[in-house]
Amino acid sequence: MAGGNHSQAGEEKPGIRSQSEANKRLKYISLAVLVVQNASLILSIRYVRTLPGDRFFTTSAVVMAEILKVLTCLLIILLQKRFNVKEVALFLFDSIVIQYKDTLKLAVPSLIYTLQNNLQYIAISNLPAATFQVTYQLKILTTALFSVMMLRKTLSRVQWVSLLLLFGGVAIVQVQQEGNKEASVSDSSNQNYSAGLVAVVISCLSSGFAGVYFEKILKGSSASVWVRNVQLGIFGTALGMLGLWWNDGAAIAERGFLFGYTDMVWCVIFNQAFGGLLVAVVVKYADNILKGFATSFSIIVSTVLSIYLFGFHVDLLFTAGAGLVIGAVYMYSLPKAAGSSPSSSSSSTVSSALPRTDRSEEMETFLPKCAGKQKGS
């Protein structure tokens, strides 16, 4: 009997070791996906918005991304229901129409996310990609502050220090960019640095509020990540169409919804639509430290590629500011020390650096039945 127990224990060890190795590989895969998605979306948007020739309507790109996201989630729900169309229809009718009060709660974050997506296009069109990537990390600060105010969450001393470093790093980068404003926008006379800066600041504020508001209204919800994205996508498409009509209605009526679309533009839209969903799937394998490292590494990747793709100039001041931001992001993602309050906002704030879809994956700790619901290019 003892020999049998010993043999069984010996058989379990390789299994545990292989499981550990598999989890380690999944973490590295998650890291790669997060870095590529974060950096590629920003760089690709910057690229397509600075190319000469006809420019696509950003409002139509936002709507198209929402439509693709809804269709993808519907397809996944259909797969989960084994292609039983009747069951899917009844399921969605109950989740969206019968429980209309629950659906209407998502109108506010959907409006904010739609606004945020449009603002990101404006910001990236007018700011160097590396500058946008650094400045956009202010969303961690805004999300943390809204978490403290709205959810009564507590932050550790290290997190407060990291937020101060984050703000200081962004301020240094902006001082550097102000000094080199002419050089940073010399590639296009249509660029407006001030408009880009205002757009990214408003985007950070909206991202922080929307993430915390979404967390607050979803506590105790039983909806899945795919249903939530369908609900958000319906509102997002409707609100996006309203913004399209208001801002570019006449021009789109004359030139067409897909005016200016190229293969690269389609790549950007697919990145927006599917990138967030993909991150939502892989992010559960990545802890907060890994996600903070991914965000930091994506800043480095964006900066390096901006030098080669857009002739971006990096000096000592920018390096110091970006270094502070990278360090702050990593510090903020560190686990709280033993004895700290468990109601930490680290999960919601660090994940706000990702597209809107993945934030709810972090909510699994306090949403017993929710598989999740972006940031995300």
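Residues numbered from 1 in each chain as written. Predicted model: local features only at pLDDT ≥ 70, side-chain atom pairs only at ≥ 80, totals over all residues. Heavy atoms only, no water.

S.K.: I'd love a proper account of a nonpolar patch on the surface, names of residues and values included.
M.R.: The grouping of F293, F297, I300, V304, L305, I307, Y308, L309 and Y330 at the surface amounts to a nonpolar patch, some 860 Å² of accessible area in total. Looking at the nonpolar patch element by element, the count peaks at eight residues for helix α13 (residues 288-310). On the secondary structure map, I300 appears in helix α13. (Patch = residues over 30% accessible without salt bridge, like charges linked within 9 Å, V, L, I, M, F, W, Y side chains within 5 Å. Areas by Shrake-Rupley, 256 points an atom, 1.4 Å probe, with all protein chains shown as cover. Salt bridge = Lys/Arg side-chain N within 4 Å of Asp/Glu carboxyl O. Helix = DSSP H or I, 4+ residues; strand = E, 2+ residues; numbered from the N terminus.)

S.K.: Can you lay out the confidence of the model for the chain for me, pointing to particular residues and giving the numbers?
M.R.: Taken as a whole, the chain shows an average pLDDT of 78; of its residues, 75% reach a score of 70 or greater. Helix α2 (residues 58-80) holds the highest mean pLDDT among the elements of the chain, 93, whereas helix α15 (residues 346-351) holds the lowest, 39. This model gives residues 182-188 a pLDDT under 50, and the stretch forms 11 contacts once residues within four places in sequence are excluded. Counted against residues more than four places away or in other chains, residues 339-377, with its pLDDT under 50, gives 138 contacts. (pLDDT = per-residue confidence, 0-100. Contact = heavy atoms within 4.5 Å.)

S.K.: Tell me about helix α11 (residues 225-255), and name the residues and values.
M.R.: Helix length check: α11 (31 residues) gives 36 Å between terminal C-alpha atoms against 45 Å at 1.5 Å per residue, more than 12% under. Where α11 bends most, the angle comes to about 90°, and this point is D248. In the stretch just after α11, G256 is the one whose phi turns positive, near 110°. (Expected span 1.5 Å × (residues − 1). Bend = angle between axes of the 7 residues up to and from the residue.)

S.K.: Please provide a residue-by-residue account of the nonpolar core, values included.
M.R.: In a soluble, globular protein the nonpolar side chains are often hidden away together inside. Within the largest apolar cluster, 48 residues are counted, with the highest numbers of intra-cluster contacts made by F132 and I269. Looking at this core element by element, the count peaks at seven residues for helix α14 (residues 316-333). Here F132 is in contact with I42, Q120, A123, I124, L127 and V200, once residues within four sequence places are set aside. Counting residues in hydrophobic clusters, the runner-up holds 10 residues, among them C73, W226, V227 and L277. (Core = buried A, V, L, I, M, F, W, Y, C linked by side-chain atoms within 4.5 Å. Buried < 20%, exposed > 50% of the residue type's maximum accessible area, 1.4 Å probe, protein only.)

S.K.: Before we move on, could you go through the side chain of S296 and cite the residues and values that matter?
M.R.: Mapped onto the elements of the fold, S296 is located in helix α13. In this structure S296 comes out as buried when scored by relative accessible area, which is 4%. Contacts of S296, omitting those with residues within four sequence positions, involve I326, V329 and Y330.

S.K.: Any chance you could break down unusual backbone geometry for me, citing the residues and the numbers?
M.R.: One non-glycine residue, R82, adopts positive backbone phi at about 55°. The exposure class of R82 is exposed, given its relative accessible area of 75%. The phi dihedral of R152 falls on the positive side, at around 55°, and the residue is not glycine. Looking at the element boundaries, R152 is found in the loop between α7 (138-151) and α8 (157-179). Judged by relative accessible area, R152 falls into the exposed class, the value being 67%.

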